[in-house]
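Descriptive analysis of the structure
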Amino acid sequence: MSGGRAATGRWELAAAWAFVLGTGTAAWALAAAALPLPAYYLPPPTAVLGALAELVVKGILPLYVAESLRRILLAALVALGVGVPLGLLLGMSRRLADFAYPLLNFFQSVSGIAWLPLMLVWFGFGERTILVAVNYTVFFPVIFNAMLGVRSVPRLYVDALRTLGASRGRIVRDVLVPGALPAIATGMRLGLAYGWRALIAAEMLVGAHGLGFMIFSAQAFHLTARIMLGMGIIGLLWVVLDYVLLRPLEEATIARWGLVQR
Amino acid sequence: MAKIALQGLAHEYVNPFTRERVRALEDVTLEVDEGEFLTVVGPSGCGKTTLLNILAGLLQPTRGTVLVDGRPVRGPGRDRGVVFQEFAILPWRTVERNIAHGLEIQGVPRAERAAIVRRFVALVGLEGFERKYPHELSGGMKQRVAVARTLAADPAVMLMDEPFASVDAQTRITLQEELNAIARATRKTILFVTHNVEEAVFLGDRCCVLSRRPGRVKALVPVPIPRERRTWRLLTADPTFAATRDLVLRLVREEVGGEDGAR
């Protein structure tokens, strides 16, 4: 079996990462020490670690991380509970799908960020605007992909079930929904990735807790180490979310069925 | 009463790309008896698949009537099981759950379902693969699953659309012999469409030759060889088989007007 080879591959990968991170950090530390710049321009790695310790001790960082995570997870639940069923429904009717396609395409391209000025007028400088902007951003890729997923299910599978005497509801349950799952997973992954970025941007503009607020407000006091720390955490959190939440979901279903090749 | 009766069947459609009117079938009249294995051959594009889809109820004919057990066909139904050319089993169901699908739809209780599935898994020789997913199977095994799924649902007639066309030659020979054994054991009424003349003569009680488009019944050729004698080892030396095959081959070739398509 390939288990041994996969394990070796994992160690090689870890070593490569350690090497890149190590040399990168070393080069950064060296540059920060050697370049004739004011300290706040390029703080050394130790200053970022210091900012981390300080913000954890004060309880600010855990609070902001929790705030940002709460907002993106809420958007994920709404997308799963409302966006996916809506997309499936649209995909089942050719006429509905033809009608919805340009609309969805339009709203998907006018990003949640572009809506922010209007949303600030409508919903004010607060939690509501952030939530609307993030949910909006996550929603459209999710609907869009669920719809395309249903439409990509081979007609043959539907015909095969009809000849077995299946009802419409049975075809939806046994063929269309499972057949659309790979596209639904793609939509969720894409939507949440877009949504995470929109969330940070909205938090920067609206300014009510969260990681976006943290890095934006730090700029006023030249707290560069805090900004870099926040950026690092934004990226790292997404990598972890994707790894522990979205990929296992994909592996448990569609990879097992051989619908995606790895 | 005939199991399947086609009367004056015609089908026309508009090709969506060329906007041309295509007459696929014209005045097909044909009867299939209870327990009979009828094979349908003809040059490519003669409307064989159209004929089968009309029987399955997936396609509405332009004119004519289709009766199965004396009742007109109005849509797909579980009295007519279909095995498609491409592998139409669901990739997200295991072998046993694919085979059980028709029974699930019919509401057969779980325990009974399991017993029936076990029987058909054995019939098509898939023991040990019950928990595998289709992507872990070869083409021939996938098609065995499709055949077992159709048989397990116990349809009155079985419609097969070039089911062995997309497997390799060696597997095809095995599947043909297995299908012969299944036909012998179950006495199902089977309508089997193919472009392969040898296959049509090997499997059919009668072989229906369709003309080139628009398809009509050109000839009905009986194959007077008992099922128990039908293995490739015996038939390659059988003069009746050779004579029937050559006759059908000639009939098909007249329609092609050339060398190709007459294998």
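Basis of the calculations
Residues numbered from 1 in each chain as written. Chains lettered and ligands numbered in written order. Predicted model: local features only at pLDDT ≥ 70, side-chain atom pairs only at ≥ 80, totals over all residues. Heavy atoms only, no water. Helix = DSSP H or I, 4+ residues; strand = E, 2+ residues; numbered from the N terminus. Rg over C-alpha atoms; globule rule 2.2 N^0.38 Å. Buried < 20%, exposed > 50% of the residue type's maximum accessible area, 1.4 Å probe, protein only. Contact = heavy atoms within 4.5 Å. Lys, Arg positive; Asp, Glu negative; His and termini not counted. Charge placed at Lys NZ, Arg CZ, Asp CG, Glu CD. Pairing = 2+ DSSP bridges. Polar contact = N/O pair within 3.5 Å; in protein donor to acceptor, adjacent residues only side chain to side chain. Buried area = accessible area lost by both parts, 1.4 Å probe. Salt bridge = Lys/Arg side-chain N within 4 Å of Asp/Glu carboxyl O. Nonpolar A, V, L, I, M, F, W, Y, C, P; charged D, E, K, R; others polar. Patch = residues over 30% accessible without salt bridge, like charges linked within 9 Å, V, L, I, M, F, W, Y side chains within 5 Å. Areas by Shrake-Rupley, 256 points an atom, 1.4 Å probe, with all protein chains shown as cover.

Before going further, it helps to spend a moment on the overall build of chain B. The secondary structure content of chain B amounts to 9 helices and 10 strands. On C-alpha atoms alone, chain B measures out to a radius of gyration of 18 Å, which is about the 18 Å that the 2.2 N^0.38 rule sets for 263 residues. Referenced to the eigenvectors of the C-alpha coordinate spread, the extents of chain B come out at roughly 50 × 45 × 40 Å. Within chain B, buried positions represent 54% of all 263 residues. Taking contacts inside chain B between residues at least 6 apart in sequence as the whole, the part at least 24 apart equals 69%. Here chain B holds 38 positive side-chain charges and 33 negative ones, and the gap between their average locations is 3 Å.

Looking now at the sheet that holds strand 4 (residues 63–68) of chain B. Residue and element names in this part refer to chain B. Spatially, 2-1-4-5 is the arrangement adopted by the 4 strands of the open sheet, whose pairing is antiparallel. Looking at which strands have only one partner, the edges of the open sheet turn out to be strand 2 (21–32) and strand 5 (71–72). Bridge analysis of strand 1 (residues 4–14) against strand 2 gives 8 bridges, and the strand direction is antiparallel. In the sheet register, V14 faces strand 2, and the bridge partner there is R21.

Turning our eyes to something else, we now look at the side chain of D174 of chain A. Mapped onto the secondary structure, D174 of chain A falls in helix 8 (residues 168–206). With relative accessibility at 5%, the residue D174 of chain A sits in the buried group. Among the polar contacts listed, one links the side chain of D174 of chain A to the side chain of R93 of chain B, at a separation of 3.4 Å. Among the polar contacts made by the side chain of D174 of chain A, one reaches the side chain of H101 of chain B at a distance of 2.7 Å. Discounting chain neighbours no more than four positions away, the residues touching D174 of chain A are L161 of chain A together with L90, W92, R93, H101 and E104 of chain B.

Contacts between the two partners involve 23 residues from chain B, matched on the other side by 19 residues from chain A. When the two sides are added together, the surface that chain B and chain A hide from each other amounts to roughly 2,000 Å², 68% of it contributed by carbon and sulfur. For the pair chain B and chain A, the number of links is 2 salt bridges. Residue E104 of chain B is joined to R170 of chain A by a salt bridge in which the shortest nitrogen-to-oxygen separation is 3.3 Å. Summed over the shared surface of chain B and chain A, the result is 4 residue pairs in polar contact (both at pLDDT 80 or more). Residue assignment for the side of chain B that touches chain A shows that the elements contributing at least two residues are strand 6 (80–83) and helix 3 (101–106) of chain B. If one sorts the elements of the side of chain B that touches chain A by residue count, helix 3 of chain B sits on top with 4 residues. Residues belonging to the side of chain B that touches chain A are distributed by class as follows: 13 nonpolar, 4 polar and 6 charged.

Below, the discussion takes up a nonpolar patch on the surface. Residue and element names in this part refer to chain A. A cluster of nonpolar residues, L73, L236, V240, Y243, V244 and L245, forms a patch on the protein surface that exposes about 590 Å² of accessible area. Counting residues per element, the nonpolar patch draws most heavily on helix 10 (residues 224–255), at 5 residues. By the element assignment, L245 lies in helix 10.

Attention shifts here to the pattern of salt bridges. Considering all chains together, one arrives at 35 salt bridges over all chains under this definition. Across the pair E67 of chain A and R70 of chain A runs a salt bridge whose closest N-O atoms are separated by 3.4 Å. Taken together, the positions of E67 of chain A and R70 of chain A, both in helix 3 (residues 60–92) and 3 residues apart, correspond to about one turn of that helix. Classification of E67 of chain A by relative accessible area gives buried; the value is 17%. Here the salt bridges share partners, and the residues they tie into one network are R170, R173 and D174 of chain A together with R93, R97 and E104 of chain B.

By themselves these figures say nothing about function.
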